[in-house]
Structures are given as structure tokens and as C-alpha cells.
Amino acid sequence: MKKIAVGCDHAGFAIKGAVIEHIKGKGYDVVDVGTYSEESCHYPIYAEAVCEKILDGECERGVLICGTGIGMSIAANKHKGIRAACCSDTFSARLTREHNDANVLCFGERVVGVGLAIDLVDAFLDAEYLNNGNHVTRVAMLKDIENKN
Ligand code: RB5
């Protein structure tokens, strides 16, 4: 069964449970890397934990939730092989799979409610990379940038 890694900081904790239950309901296994309470913590820890699950092959994709989604996306994009997108609309959540082959979806609990969070997850998990033409060229260019830096 395909596995999805999910992580949050204290500012994403309140909706993480509902997001995980929704992902499980779609037929995926979920690896919950924490955090497990609303006690203040540091989002890069959880971004790194989710990215490691993807990079070591245990999980296919990841979902990261913080207050804005921005800190998580910055932290996740520091990892070679991770393409994380911070989204607050479903069009972007779908297109970042289709065009960017994004493997991590980030969003902010302080930006989106639980209903939109679930729609974002659906858009992201239901879409596939359009593995052809300019999309392949451009994702390869992203990898070239990674390799130069
Ligand atoms: C925590 O207060 C907040 O800064 C964090 O959740 C996130 O929004 C950072 O980008």
C-alpha cells in the first residue's frame, strides 16, 4: 500500500488528525512523524522527518502543516530530491503535481480551514505528474540547480 508521510508543528496540530484520517480513508497508509501536541516546537524538525521518509523510499509523498505552510516548504525544499509546494488553492495543488512533480504538499492551518485542507490533499494526491515534453525538461533543470548548489 502506498504510504504518505505527514508532519506538523504546534500551529498545524489542530487539523493534522483530520488530514490523516482523510488520507487513510483514501486508501493510503500514513506515517505520522509528529508533532503530537500544541506545545511550541520547531517546524524544520518535522519537515526533515517527512522528507527523510520520502528520500529513503518508505513514503511516496508528504504533507506538512504549519501556521502558514511557508516555513515547512522552505525547510523541505532544502532537501535534495524534494519538491515542496505551499498551496492554498486546489488548482495549484493539482498543477504542482502535474507540472512540477512536487512530492510534498505544504499548507498553513492559519490560512486554510480543515475543509480546504482536505480538498488540497485530494487535489495533490489524486493528480499525477505529466511525465512528458517541457515538464520533463524543466524538472530536470530543477535537479541541475540542486546539483550545482
Ligand atoms: C509558528 O508560530 C509559525 O511561525 C510556524 O508555524 C510557521 O507558520 C512558519 O512558517
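Procedures and definitions
- Counting starts from 1 at the beginning of each chain's written sequence and moves along it residue by residue.
- Where totals are concerned, whole chains, interfaces and linings use all residues; where local detail is concerned, this predicted model gives features only for residues with pLDDT of at least 70, and gives and counts side-chain atom pairs only at 80 or more.
- Water and hydrogen atoms play no part in the side-chain values, which are based on all heavy atoms of the structure.
- Only DSSP runs of H or I covering at least 4 residues are called helices, and only runs of E covering at least 2 are called strands; the numbering of each starts at the N terminus.
- Multiply 1.5 Å by the residue count of a helix minus one, and that product is the helix's expected span.
- Should any heavy atoms of two residues lie within 4.5 Å, those residues are counted as being in contact.
- Each axis is a line fitted through C-alpha atoms, and for a helix only the stretch in contact is used; angles between axes span 0 to 180 degrees, taken between their N-to-C directions.
- Roughly parallel means an angle under 35 degrees; roughly antiparallel means over 145; roughly perpendicular covers 65 to 115; every other angle is labelled oblique.
- Left-handed describes a crossing in which the near helix is turned anticlockwise from the far one by less than a right angle; the clockwise case is right-handed.
- Summary of the distance rule: residues count as near a molecule or strand when at least one heavy atom falls within 4 Å of that molecule or strand.
- N or O atoms closer than or at 3.5 Å make up a polar contact, with two conditions inside protein: a donor-capable atom paired with an acceptor-capable one, and, for residues adjacent in sequence, both atoms drawn from side chains.
- Calculation of accessible area relied on Shrake-Rupley with a 1.4 Å probe; when residues are assessed, cover is drawn exclusively from the protein chains displayed.
- Nonpolar residues are Ala, Val, Leu, Ile, Met, Phe, Trp, Tyr, Cys and Pro. Charged residues are Asp, Glu, Lys and Arg, and all others, Gly as well, are polar.

Chemist: Please give an account of helix 5 (residues 114-126) that cites residues and values.
Modeler: If you check helix 5, its first and last C-alpha atoms are 18 Å apart, about what 13 residues at 1.5 Å a residue would give, namely 18 Å. Looking at the buried side of helix 5, the elements it contacts are strand 1 (3-8), helix 1 (13-25), strand 3 (61-66), helix 4 (90-98) and strand 5 (104-108).

Chemist: Tell me about the packing of helix 4 against helix 5, and please be specific about residues and values.
Modeler: It is the contact of helix 4 with helix 5, at a shortest axis distance of 8 Å, that shows an interaxial angle of 25 degrees. Classed by the angle they form, the pair helix 4 and helix 5 counts as roughly parallel. Note that helix 4 runs across helix 5; the crossing there is right-handed. Taken together, the residues of helix 5 that come into contact with helix 4 (itself represented by Thr 90, Ala 93, Arg 94, Thr 96 and Arg 97) are Leu 116, Asp 119, Leu 120, Ala 123 and Phe 124.

Chemist: So what's going on with the site of the ligand? Which residues, and what values?
Modeler: Around the ligand, the surrounding shell consists of Asp 9, His 10, Ala 11, Tyr 43, Cys 66, Gly 67, Thr 68, Gly 71 and Arg 110. In this structure, an oxygen atom belonging to the ligand sits 2.8 Å away from a main-chain N or O atom of Gly 67. Arg 110 has a polar side-chain atom sitting 3.4 Å from an oxygen atom of the ligand. Taking 290 Å² as the accessible area of the ligand by itself, protein coverage stands at 73%. Class assignment of the residues belonging to the shell around the ligand gives a composition of three nonpolar, four polar and two charged.

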